[in-house]
Structure formats: structure tokens, C-alpha cells
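Letter by letter, the chains look like this.
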Amino acid sequence: MEESWSSKIVNPYVKSWITEFINLATPDNVYVCSGSNEEYDQIASKLVASGSLLPLNPEKKFHSFLARSDARDVARVEKKTFICAVNKEDVGPTNNWEDPEVMRLKLSNLFNGCMKGRTLYVVPFCMANLKSPFALIGIELTDSPYVVCSMKIMTRMGSEVLDELGETNNFIKCHHSVGQPLLNGQKDVQWPCNPEKLVIAHFHDDLSIWSYGSGYGGNALLGKKSVSLRIASYKAKNEGWLAEHMLIIGVTNPEKKKKYFAAAFPSACGKTNLAMLKSTLPGWKVECIGDDIAWLRFGSNGKLYAVNPEYGFFGVAPGTSAKTNPNALKACEKNSIFTNVALTNDGDVWWEGLTECPPANLIDWQGNLWIKEKGLPAAHPNSRFTVPLSQCPVLDPLWDSPEGVPISAIIFGGRRKDTIPLVLESLSWRHGVFMGAGMSSETTSAVEDVDVVIRHDPFAMLPFCGYNMADYFRHWLALPDIGNDVNLPKIFGVNWFRKDNQGKYLWPGFGDNIRVLEWIFNRTEEFSEKSAIRTPVGFVPSRDFFNLSGLQLTNSDFKALFEIKSNEWLDEIHSIKNYFEIFGEHFPPALSKELNRIELELK
Ligand code: OXD
Ligand code: MN
């Protein structure tokens, strides 16, 4: 056994790390992934044979599979996600903290023998193009073949990564186990996991990640939230760049001028839909670079350049339809893994919102005949499609560019039924940072166990900022000193979800969001002074400069969409002020000044 895996690993650091891990987790076999398509097919076939994956009808979804998780393992688990640093202060009030020594002891007990009866897969992966100055190499040691297949879609995975790493120890050590050893020939279950003992820990000292007990999404595909946001944001702060929970799009106007925007929204607020928007305005086009994560660095010209470190989409399925996101549907016609969606009787997938009427004889996400009258969804609300980025029909030509794309606008969004207008532009960089820091949104099903409430979610990074959030605010405020003030992107806020007094959405959203992008696009040009009205909380569009052609929007709808109501905003400011208090002395005074300015102007 030893011979075969170690002959594939020449790097001495990697070799000794794996050896040490084998001694701890004691897997029956060790397999080093090459990342080839044949290997993917072999692992997928094994998962099919054991009942963990179900092949879909190739005429409906070519070369694609359905996975059904354990009903207790369906979302990211924030309560059990930890950042470990010696000083609690370095982790801040928004993260779960644990002392590194205490956590290491706990983990060595949990991982002790945890892979008995299983195969340890060694998964070398790279976040961002291997040749990019942004590239971060990681190696995930996992006992989940489902994770291996998903990592093949979501990251640049395989032998080339080890070649690129060479003999250096410049890689992120990722350890993952489903936490269910198979003792004495015990038969495996369809979705092994151990939710009672779940823990996902990130360490500041060696930047390592340890995840135990879950096989699901962000808990287990460690290249995504753990490496590309929690660890990367901490590195970024120390190295002068940004790792953000943002989509990246290219927007082309009818004159064929193109600009790139990055946008941060909390989980399941329509990021994937915006990333693949199909314009309703003639001549305007949106192309996709990423739907979830952006890394931003200053180029030598002082501009911020962005790459998407991922290689696939891990999109929320419910609500995705020919109306809301036809491009996502096209992307997942083949080579996809669906998790926790419903199955139709002709071997296709279905989820709430895909079609108006559910097809007959659906099998629900737990594998039972779906009975509509019971009132439960057929697909889990956080069910997902895992799809290669390259299959997106509106992929931007520069999606894989090692240098990234220059960003002209940064957009912050959330799901709010009142207060926040359809679009706002910040009055300054500092005000823009305040807008990001003050973000809040109605909660969604991407997070386990949270009732629908408004939660503060600064920069949509609440679950993903790998260090003290107040220091993160300071890092954002310092960007004009790191880069070049003149070239910094403009900052905007958007809210597609404002409702009228009857509870009806005021804005059609989806493809019509291009109208908001058009206004933002034009505001990033130099000739745009007249197109906005200054308010204490930012610039809002002047009616004549906001494209409503072809929309049935009344004057009062327009007013309601953009109205800044002082009473609502004073409440908002009050809530933000209370929230900011949790950061104590770390909180940057510049943001308190901004808050006081707005409060004064509103009164
Ligand atoms: C995601 C999330 O899966 O933010 O992207 O939860
Ligand atoms: Mn996300």
C-alpha cells in the first residue's frame, strides 16, 4: 500500500505530512488523485455501485448524477466552524474561537482511527489558474469519494498541481473526514457523516484546515469557503490583497464598451442569477467569470484586478428556472452532480421553481415518493448543482486569465423588503466601506438552523472572514493607501427585494437587473454628474437617467423603489450602531465618523 502512494509523491514535505496523517487516521488504502477524467469516471462508478450516486438519464442530463445526503447533513454549519488563534482578539466577535492547542487535542482524538475501513484520497488542487500570481495550492486529504468528484468539478485538481508545487512546502494542508470509520467489515451507508461530532477548524499559525463529520458542500469541499475565503482573507490582510464573497461579471454596453464588476451578496440571494444574467435591454450583455468568490489584487497600474479562484459552480437549485437563470440550466445539462434535488420518473431532476407544475410521480430529495399534499418541498431548499464553469454558455473570454480583469465597480446587495433602495452609490470610498460593513439581509436556507430574520452580514463575509472583522474593515479602509486612490472602483449598494405596502415585490428583477447595471456602468464613466441625486446615504438615480423603457412602472412605484425614508434609515443607523458595538476597540473610528455624519444629515 505504502509503496504505491509514496511513489507518486516526490515532495518531501507532502510525503511526511501524509505519512503522519496516515498514522493518525489509519485508512485501509491511500490513493493519490491524478485528476483525470477516467479517474473521475472510476470513482463515480464505485459510488454508483454502492448506491451513493444515482446516474441520471443521459438523454436528460448527460454524464450526470444525483446524490442524496443524510437528512442531518444538508448545509454549512456555522456554529461548528472555528477560527483558531492564540489571541481571541485576532478572531473577533463574529467568529467562533478556539485555542489552537485545545482544538488540536480535540482534533487528534476525533481523527484518531477515523478512516479505518476507508480509502484516504489525496486531492491536490489549485485555486485560480495554476500560472496566476493569485494561485494558491492546497492538498485535501479526504475519505469521501463524493468530495473527490466534487473537487474535480470545483477546482483545478490533479497531478499538474503537484508538478507546479515542486519541492516547496507552499501549500494549504486540508484534512477532511466524514467521521464514520467502518470497523470489522461494517457495511457503509449511502451518505456517511457524523453530525453530532462535527467540527471545521481553521488555524492562523500554519493555515491548515481540519473538517470532521460532514460530507456536504462548504463543510467538506475545502477549496471553497475554507481555503478561498477564510484562509485566503487572512492571508490577504497580511499581504495587501482581498479575498471576497463576490461574483465577477463583464458588462458590455451597446457601443461594445466593456467593464467588469464584482458583487457581494449573502448566501442564496441570487448571486448565481446575477452572474449569468440574460439582459432584457437590447445591446447590453453580461458575461460570467464567477458566481461566488473573487480575489482582488492591485496591478502595477494601481487598478484592482479580480480572478475567480474556483473552477465550477456550486449553485442553489431551487428557484433556478428558464425565467430566472436560463444559462445555469444550460450549464447543468451535462457533467453535473446534483445533490438533494428531486428525481422525475424519466430520470431527470426537478426542484421547486423549475417549472410551475411539478411533474407526476416525483421522488423527493430523501428518496421517497413525493406527496404534494404533505406540504413539504420535493427538493431540499439548499439543494445544489455542481457544474464545471466551462459549461456556462455566457462565460467571459477572460474567465481563466491568470492576471484577472480590472474592476470598475463593487456592488453590495442584500435581501431587504424596505429601507434600502434599488440602487445607491457611495459618496466616497470611506462611505462605500461603511455600506459594506453595515450590510444586512434576510436569512436563507444556505445556513443551517437559522429562522428567517434580518441578520447583519458585513460584506456578505460574516461566515467567511477568517480573522477579526473589525480588522477586515480597517483593511478595506486602507486600500486607497495600498493602491492608487484615483483608480479604485466605485462602490454601490443594490436591493432587488423591496416590497410595496401589500407585500408585492416592486422590482421585476432577474434580466431587468441589467437596468441597474446600466446605471452603474454609466456612473463609472466621467460624464455622469447629472444622473444622480445626493442623499445622506448615497447617490440615487435621477429618474431621467434610469432606463425604464418597456417597463410598466408607475411614478409611485419608482418613488417607492428609490425612496430614502428618514425614519426607516434612522432605525437602520441605530441598528448598525448597536451592531458595530460588538467590535469594541478594534472598530475603526473612520466608520464611526461616517455613521455620525449620516445620522446628523438624516435628522
Ligand atoms: C455558498 C454559500 O454555498 O455561500 O456559496 O453558502
Ligand atoms: Mn457563497
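Presented here is a report on the structure given in the accompanying data block. Just so it is clear, the structure is predicted and the values come from calculations on it, not from any experiment. (Residues numbered from 1 in each chain as written. Chains lettered and ligands numbered in written order. Predicted model: local features only at pLDDT ≥ 70, side-chain atom pairs only at ≥ 80, totals over all residues. Heavy atoms only, no water.)

### Focus: the pairing of strand 11 (residues 209-212)
Looking down a regular strand, the side chains alternate between one sheet face and the other.
Here's step 1: Burial along strand 11 is two-sided: the face carrying Ile209 and Ser211 and the face carrying Trp210 and Tyr212 are both buried.
Here's step 2: With 4 bridges joining them, strand 9 (residues 172-177) and strand 11 adopt parallel strand pairing. If you follow Ser177 over to strand 11, its bridge partner there is Tyr212.
Here's step 3: Of the pairings in the sheet, the one linking strand 10 (residues 199-203) to strand 11 comprises 4 bridges and is antiparallel in character. Paired with Ile200 across the bridge in strand 11 is Ser211. (Buried < 20%, exposed > 50% of the residue type's maximum accessible area, 1.4 Å probe, protein only. Helix = DSSP H or I, 4+ residues; strand = E, 2+ residues; numbered from the N terminus. Pairing = 2+ DSSP bridges.)

### Describing the state of the cysteines
Here's step 1: For the structure shown, the criterion picks out 0 disulfides.
Here's step 2: Cys149 carries a free sulfur, and the closest cysteine sulfur to it, the one in Cys33, is 8.8 Å from it.
Here's step 3: Not part of a disulfide, Cys332 finds its nearest cysteine sulfur in Cys392, a span of 11 Å.
Here's step 4: Residue Cys332 is classed as buried on the basis of its relative accessible area, which comes to 2%. (Disulfide = S-S within 2.5 Å.)

### Digging into the side chain of Ser144
Here's step 1: You can see Ser144 is positioned in the loop between strand 7 (136-142) and helix 5 (145-154).
Here's step 2: A relative accessible area of 6% places Ser144 in the buried class.
Here's step 3: What Ser144 contacts, discounting residues up to four positions off in sequence, is His176 and Val178. (Contact = heavy atoms within 4.5 Å.)

### Remarks on helix 14 (residues 555-562)
Here's step 1: What helix 14 keeps buried is the set Phe558, Leu561 and Phe562. Buried residues of helix 14, viewed axially, fall in a sector of 80°; they line one side. Turned more than 90 degrees off the buried face of helix 14, the exposed positions are Ser556 and Lys559.
Here's step 2: If you follow the buried residues of helix 14, they end up packed against strand 24 (423-425) and strand 29 (538-541). (Arc of directions from axis to C-beta.)

### Brief notes about the nonpolar core
Here's step 1: Among the nonpolar cores identified, the biggest contains 99 residues, and Trp295, Phe412, Phe473, Trp476 and Phe580 are the most heavily contacted of them.
Here's step 2: If we skip the residues at most four places from it in the chain, Phe412 touches Met246, Ala264, Gly432, Met435, Gly436, Met439, Phe459, Trp476, Ile491, Phe492, Gly493 and Val494.
Here's step 3: Within the second largest apolar cluster, 65 residues are counted, among which are Ala275, Ala328, Ala331 and Leu362. (Core = buried A, V, L, I, M, F, W, Y, C linked by side-chain atoms within 4.5 Å.)

### A word on the packing of aromatic side chains
Here's step 1: On inspection of all chains with the given rule, the structure shows 38 aromatic pairs.
Here's step 2: Relative to Tyr216, the ring of Trp191 has its centre 6.4 Å away and its plane inclined at 45°; by these criteria the two rings are tilted. With Trp191 in the loop between strand 9 and strand 10 and Tyr216 in the loop between strand 11 and helix 7 (217-220), this residue pair connects regions lying 25 residues apart in the sequence. Grouping residues by exposure puts Trp191 and Tyr216 together as buried.
Here's step 3: Between Tyr579 and Phe580, the aromatic rings sit 6.5 Å apart at their centres with planes inclined by 45°, giving tilted as the arrangement. (Phe/Tyr/Trp six-rings, centres within 6.5 Å; stacked < 30°, edge-to-face > 60°.)

### Observations regarding the coordination of the manganese ion (ligand 2)
Here's step 1: Taken together, Lys225 (NZ), His245 (NE2) and Asp292 (OD) make up the protein donors of the manganese ion (ligand 2), found 2.2 Å from the metal.
Here's step 2: The sequence pattern formed by the donor residues of the manganese ion (ligand 2) is K-x19-H-x46-D. Here His245 lies in the loop between strand 12 (242-244) and strand 13 (246-252) and Lys225 lies in helix 8 (residues 223-239), a separation of 20 residues in the sequence. Neither Lys225 nor His245 differs from the other in exposure class; each is buried. (Donors = N, O, S within 2.8 Å, 3.2 Å for Na, K, Ca; no water.)

### Considering the pattern of salt bridges
A side chain with one charge may pair with a side chain of the opposite charge, provided their charged atoms come close.
Here's step 1: Within the structure shown, the criterion is met by 36 salt bridges.
Here's step 2: Taking the shortest distance from any N to any O, the salt bridge between Glu196 and Arg72 comes out at 3.5 Å. Taken as a pair, Glu196 in the loop between strand 9 and strand 10 and Arg72 in the loop between strand 3 (65-67) and strand 4 (81-84) lie far apart in primary sequence, 124 residues in all.
Here's step 3: Residue classification places Glu196 among the exposed residues on the basis of a relative accessible area of 59%.
Here's step 4: Salt-bridge contacts for Arg597 lead to Glu601; the nearest nitrogen and oxygen are separated by 2.8 Å. Taken together, the positions of Arg597 and Glu601, both in helix 16 (residues 589-602) and 4 residues apart, correspond to about one turn of that helix.
Here's step 5: A relative accessible area of 33% places Glu601 in the partly exposed class.
Here's step 6: Each of Lys224, Lys225, Lys271, Asp292 and Glu310 takes part in salt bridges that share partners, so that together they form one network. (Salt bridge = Lys/Arg side-chain N within 4 Å of Asp/Glu carboxyl O.)

### Here's the deal with the site of ligand 1
Here's step 1: In the neighbourhood of ligand 1, 9 residues make up the surrounding shell, with Arg76, Lys225, Ser267, Asp292 and Arg384 lying closest.
Here's step 2: The separation between an oxygen atom of ligand 1 and a polar side-chain atom of Lys225 is 2.9 Å.
Here's step 3: Side-chain polar atom of Asp292 to an oxygen atom of ligand 1: 3.2 Å apart, as the coordinates give it.
Here's step 4: A total of 200 Å² of accessible area belongs to ligand 1 in isolation, and the protein chains cover 92% of it.
Here's step 5: Cavity membership is defined here by more than half of the atoms lying within 2 Å of grid points; on that basis ligand 1 lies in the largest pocket. (Near = heavy atom within 4 Å. Polar contact = N/O pair within 3.5 Å; in protein donor to acceptor, adjacent residues only side chain to side chain. Areas by Shrake-Rupley, 256 points an atom, 1.4 Å probe, with all protein chains shown as cover. 1 Å grid on protein atoms, 1.4 Å probe; cavity = no way out; pocket = protein on both sides within 12 Å on 5 of 7 lines; lining within 4 Å. Sits in = over half its atoms within 2 Å of the grid points.)

### Focus: the packing of helix 11 (residues 429-437) against helix 16
Here's step 1: Orientation of helix 11 relative to helix 16, taken along the N-to-C sense of each, is 90°, at an axis distance of 9 Å. Overall, the two elements helix 11 and helix 16 adopt an arrangement that is roughly perpendicular. From helix 11, Arg430, His431, Val433, Phe434 and Ala437 reach across to helix 16, where they touch Ala590, Leu591, Lys593, Glu594, Leu595, Arg597 and Ile598. (Axes fitted to C-alpha atoms, helices over the stretch in contact; angles between N-to-C directions. Parallel < 35°, antiparallel > 145°, perpendicular 65-115°, else oblique.)

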